[in-house]
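Observations on the three-dimensional arrangement
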Amino acid sequence: MKDRNLSLLMDFYELTMANGYFVNGYKDIIANYDLYFRNAPDNAVFAISAGLDTAIEYIENFHFDDNEIEFLRNKKMFSDEFLEYLRNFKFECDIMAIPEGSVVFPSEPLMRIRGPFIQAQLLETMLLLIINHQSMIATKTSRIVRFSGGKAILEFGSRRAHGADAANYGARASYIAGAAGTANTLADYKYGVPALGTMAHSWIQSFDTEYEAFATYAKTYPNNTVLLVDTYDTLNQGIPNAIKVFNDVLKPMGITPGGIRLDSGDLAYLSKKARIMLDKAGYEDCNIVASGSLDEFKIKDIINQGGKIDVYGVGERLITSKSNPVFGGVYKLVAIEKNGIVKPKIKVSENIEKITTPGKKQVYRIYDNETNMAKADLITLEDEIIDENMPLTIFHPLYTWKKKTINNFYVKPLLVPIYKAGKLVYKRPNMEEIRNHYKAEINSLWEEYKRLDSPQLYKVDLSQKLWDLKNNLLNKAKDNLQY
């Protein structure tokens, strides 16, 4: 991202609107935007946030060079003064965000952007592109990892990804959410995601015999010998040849074989047969790796059938989040500030889920004092303080008669400062720190919320003050609604 300028990767209306703000005296008015998502993928109740560090890289490199300014000038739509503003662009926004690897829920701001109207508007497309994509892949990976029975998940999807960036950022996001490694070498180079891999079927086909292919590989990489056994006949040829190579090549060297890999066929059945054959040959510690159009549903089925797979390589269904390939994050104006006065804004729609929540907000997670497990989230106005020494009553934002009083709890604000007046103030964590944060976050959720089928709905409510603000603005707008 920092090696190229992507500042023009935006919807054209962002530029027309920005120019309109500039020439009509809105340049210095402060806008407040929320970036959030409306529904969790795959009928789940939560998602995993990812992409914040990539967004920081983008903002740090945000500028318009002379060629880009001339390109815009030739559109004959933008004032010269506006183009000079872009040429001398200086980022001045405040940004708050929920850290990467966090468990997040629909309608909660993942990011809050506050700054001059023009600047906040110009960030829209890229922030959505980055956060939507990486959160989607992290969320899918989290599901796959959680239903793998504790076995390692490897990201194998680069060649099926939607372009180079999708492959690289997808590998990054998958690692955040628990993947053990990737087949993508560039992701290892750029992000430290361990790159792993051995051979393809073409390696086997390049030799006169399967045994020769296996033996040559084992001699070349004795400490990393994982043999692909399904090129011809898995049970009658592939596994027997692998065992023979283990005996002939690795055993005399005192090296334990890394494993065998299955890439086709009935993986549950083949893995059980393979386990028997390997154990009988004395290779109880030899791993069985499986790949081939896997996802959380297929992996769960394999486990339920007693499959003996130790490592799963998951490709296209992870890197494209095939079952739910659109994350659906949105970027909505929630307030403007003129002369120091904050004016909340609301978008009204006949579709209830598209009605925005106005105002400058904070998100609090409520934890049980005894178990440290998450109990609910509360979205508040930014200046609200929750008294942890008093019972807290929350209520459903639509069905307000549904109430719950929480005792013996503590809260944690989720949105943290990233930029203040255009200056980066956030200590950017490394990948291992982000992964550890994800592990703590996912472990703080009760299993009922993490079920694959019909998970329990997690409570995400509005504070009384925020609900009142939203309800009052809706009432003021009701004359414009059509029924």
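All residue numbers refer to positions counted from 1 along the written sequence of the respective chain. At least 70 in pLDDT is required for a residue's local features to be given in this predicted model, at least 80 for side-chain atom pairs to be given and counted, and no such filter applies to totals for whole chains, interfaces and linings, which use all residues. Side-chain calculation: all heavy atoms of the structure are included, whereas hydrogens and water are not.

Quick notes on the overall build of the protein
- Put simply, DSSP H or I for four residues or longer makes a helix, DSSP E for two residues or longer makes a strand, and each gets a number counted from the N terminus. Summing up its helical and strand segments, the protein has 16 helices and 21 strands in all.
- The buried label goes to any residue with under 20% of its type's maximum accessible area, the exposed label to any with over 50%, and the partly exposed label to all in between, with areas taken from a 1.4 Å probe on protein chains only. Burial statistics for the protein: of 483 residues in total, 52% are counted as buried.
- In the protein, of all internal contacts separated by at least 6 residues, the share reaching a separation of at least 24 is 73%.
- Under the convention used here, a 1.4 Å probe and the Shrake-Rupley method define accessible areas, while residue burial counts only the protein chains that appear. For the protein, the exposed area adds up to about 22,300 Å²; of that, 50% sits on carbon and sulfur atoms. Residue contacts are defined here by distance: any two heavy atoms, one from each residue, within 4.5 Å place the two residues in contact.

Here's the deal with the UniProt feature "domain: Nicotinate/nicotinamide phosphoribosyltransferase" (unreviewed entry) in the protein
- When the UniProt feature table is mapped to this numbering, "domain: Nicotinate/nicotinamide phosphoribosyltransferase" (unreviewed entry) covers residues 153-342.
- Measuring from the first to the last C-alpha atom of residues 153-342 gives 48 Å, for a span that is 42% helix and 17% strand. UniProt positions are given in the numbering used here, feature names are shortened, and annotations may be inferred rather than shown by experiment.

Observations regarding the side chain of Ser142
- One can find Ser142 in helix α6 (residues 124-146).
- Contacts described as polar in this section are N or O atom pairs within 3.5 Å, which, within protein, must combine one atom able to donate a hydrogen with one able to accept it, while residues neighboring in sequence count only if both atoms come from side chains. Within the local environment of Ser142, its side chain forms a polar contact with the side chain of Arg146, the two groups lying 2.7 Å apart.
- Other than its neighbours up to four places away in sequence, Ser142 contacts Ile48, Ala177, Tyr438 and Ile442.

Considering the UniProt feature "domain: Nicotinate phosphoribosyltransferase N-terminal" (unreviewed entry) in the protein
- In the numbering used here, UniProt assigns the feature "domain: Nicotinate phosphoribosyltransferase N-terminal" (unreviewed entry) to residues 8-132.
- Along residues 8-132 one finds 42% helix and 18% strand; the C-alpha atoms at either end are 19 Å apart.

Brief notes about the layout of surface pockets
- Using protein atoms alone on a 1 Å grid, points that fit a 1.4 Å probe yet trap it form a cavity, whereas open point sets bounded by protein on both sides within 12 Å along at least five of seven lines form a pocket; residues with an atom within 4 Å of a point count as lining. Grid points are joined across faces, edges and corners, and a volume is the space filled by probe spheres set on the points. Size it by volume and the largest pocket reaches roughly 1,200 Å³.
- Lining the largest pocket are 38 residues, with Ser107, His396, Pro397, Leu398 and Val460 sitting closest to its centre.
- For the lining of the largest pocket, the secondary structure elements donating two or more residues are β1 (30-37), β16 (392-395), β17 (403-406), β21 (460-462) and α16 (464-477).
- Of the residues forming the lining of the largest pocket, the biggest block, 4 residues, is contributed by α16.
- Taken as a whole, the second largest pocket spans an internal volume of roughly 880 Å³.
- Around the second largest pocket, the lining is made up of 30 residues, and of these Phe156, Ala183, Met199, Arg261 and Ser291 lie nearest the centre.
- Taken together, the elements giving at least two residues each to the lining of the second largest pocket come down to β8 (226-228), β10 (287-291) and β11 (311-314).
- In the lining of the second largest pocket, the residues fall into 12 nonpolar, 13 polar and 5 charged. Asp, Glu, Lys and Arg are counted as charged, while Ala, Val, Leu, Ile, Met, Phe, Trp, Tyr, Cys and Pro are counted as nonpolar; the rest, among them Gly, fall into the polar class.

Quick look at a positive patch on the surface
- The grouping of Lys151, Lys272, Lys273 and Lys308 at the surface amounts to a positive patch.
- Tracing the chain through its elements places Lys151 in the loop between α6 and β6 (152-155). Grouping into patches uses exposed residues only, defined as over 30% relative accessible area, and leaves out salt-bridged ones; the cut-off is 9 Å for like charges and 5 Å for nonpolar side chains (Val, Leu, Ile, Met, Phe, Trp, Tyr). Counted as salt bridges are all cases of a side-chain nitrogen of Lys or Arg within 4 Å of a carboxyl oxygen of Asp or Glu. For the purpose of counting charges, residues Lys and Arg are taken to be positive, whereas Asp and Glu are taken to be negative. His and the chain ends are not included. Charge positions are represented by NZ for Lys, CZ for Arg, CG for Asp and CD for Glu.

A look at the packing of helix α10 (residues 210-220) against helix α11 (residues 234-250)
- Geometry is summarised by axes, namely lines fitted to C-alpha atoms with helices restricted to the contacting stretch, and by angles between N-to-C directions that run from 0 to 180 degrees. Between α10 and α11, the shortest axis-to-axis distance is 9 Å and the interhelical angle comes to 40 degrees. On the basis of their axis angle, the class for α10 and α11 is oblique. When the axes of α10 and α11 are compared, the crossing they make is right-handed. Between α10, through Glu210, Tyr211, Phe214, Ala215, Ala218 and Lys219, and α11, the contact on the second element is made entirely by Gln237, Gly238, Asn241, Ala242, Lys244, Val245, Asp248, Val249 and Leu250.
- By residue class, the composition of the contact of α10 with α11 is 8 nonpolar, 3 polar and 4 charged. Should an angle fall under 35 degrees it is called roughly parallel, over 145 degrees roughly antiparallel, and 65 to 115 degrees roughly perpendicular, with every other angle called oblique. By the definition used in this description, the sense in which the near helix is turned from the far one sets the handedness, with an anticlockwise turn below a right angle giving left-handed and a clockwise turn giving right-handed.

Re the side chain of Lys360
- Take Lys360: it is sitting in the loop between β13 (341-344) and β14 (361-368).
- A distance of 3.2 Å separates polar atoms of two side chains, one belonging to Lys360 and the other to Glu337.
- Sequence-distant contacts of Lys360, defined by excluding residues within four places in its chain, comprise Asn32, Arg112, Arg114, Ala335, Glu337, Val342, Thr380, Leu381 and Glu382.

Points about the packing of aromatic side chains
- Pairs were defined over the aromatic rings of Phe, Tyr and Trp, the Trp ring being its six-membered one, requiring ring centres within 6.5 Å. Orientation was assigned from the angle between planes: stacked under 30 degrees, edge-to-face over 60, tilted for the rest. Scanning all chains against the criterion turns up 26 aromatic pairs.
- Each ring, one from Phe12 and one from Phe78, has its centre 5.8 Å from the other, and the planes form 70 degrees; the classification is edge-to-face. Linking Phe12 in helix α1 (residues 12-23) with Phe78 in the loop between α3 (66-73) and α4 (80-87), this pair joins segments that are 66 residues apart in sequence.
- An aromatic cluster is present here, built from Phe12, Phe22, Tyr58, Phe62, Phe64, Phe78, Phe82, Tyr85 and Phe89 joined pairwise through their rings.
- For a ring to carry a charge above it, either NZ of a lysine or CZ of an arginine must fall within 6 Å of the ring centroid while also lying within 35 degrees of the normal to the ring plane. Seen from the ring of Phe12, Lys75 lies directly overhead, with NZ or CZ sitting 5.7 Å from the centre.

What to know about unusual backbone geometry
- Although it is not a glycine, Ser321 adopts a positive phi angle of roughly 45 degrees.
- One can find Ser321 in the loop between α14 (316-319) and β12 (329-338).
- Classification of Ser321 as buried rests on a relative accessible area of 1%.
- In this structure, Asn339 is a non-glycine residue whose phi angle is positive, near 55 degrees.
- Along the chain, the position of Asn339 falls in the loop between β12 and β13.

Some words on the environment of Leu128
- Its location among the elements puts Leu128 in helix α6.
- Note on Leu128: relative accessible area 12%, which makes it buried.
- Through-space distance from the C-alpha of Leu128 to that of Ser148 is 30 Å; in sequence the pair is 20 residues apart.
- Ignoring any residue separated from it by four or fewer positions in sequence, one finds Leu128 in contact with Leu35, His133, Gly329, Val330 and Tyr331.

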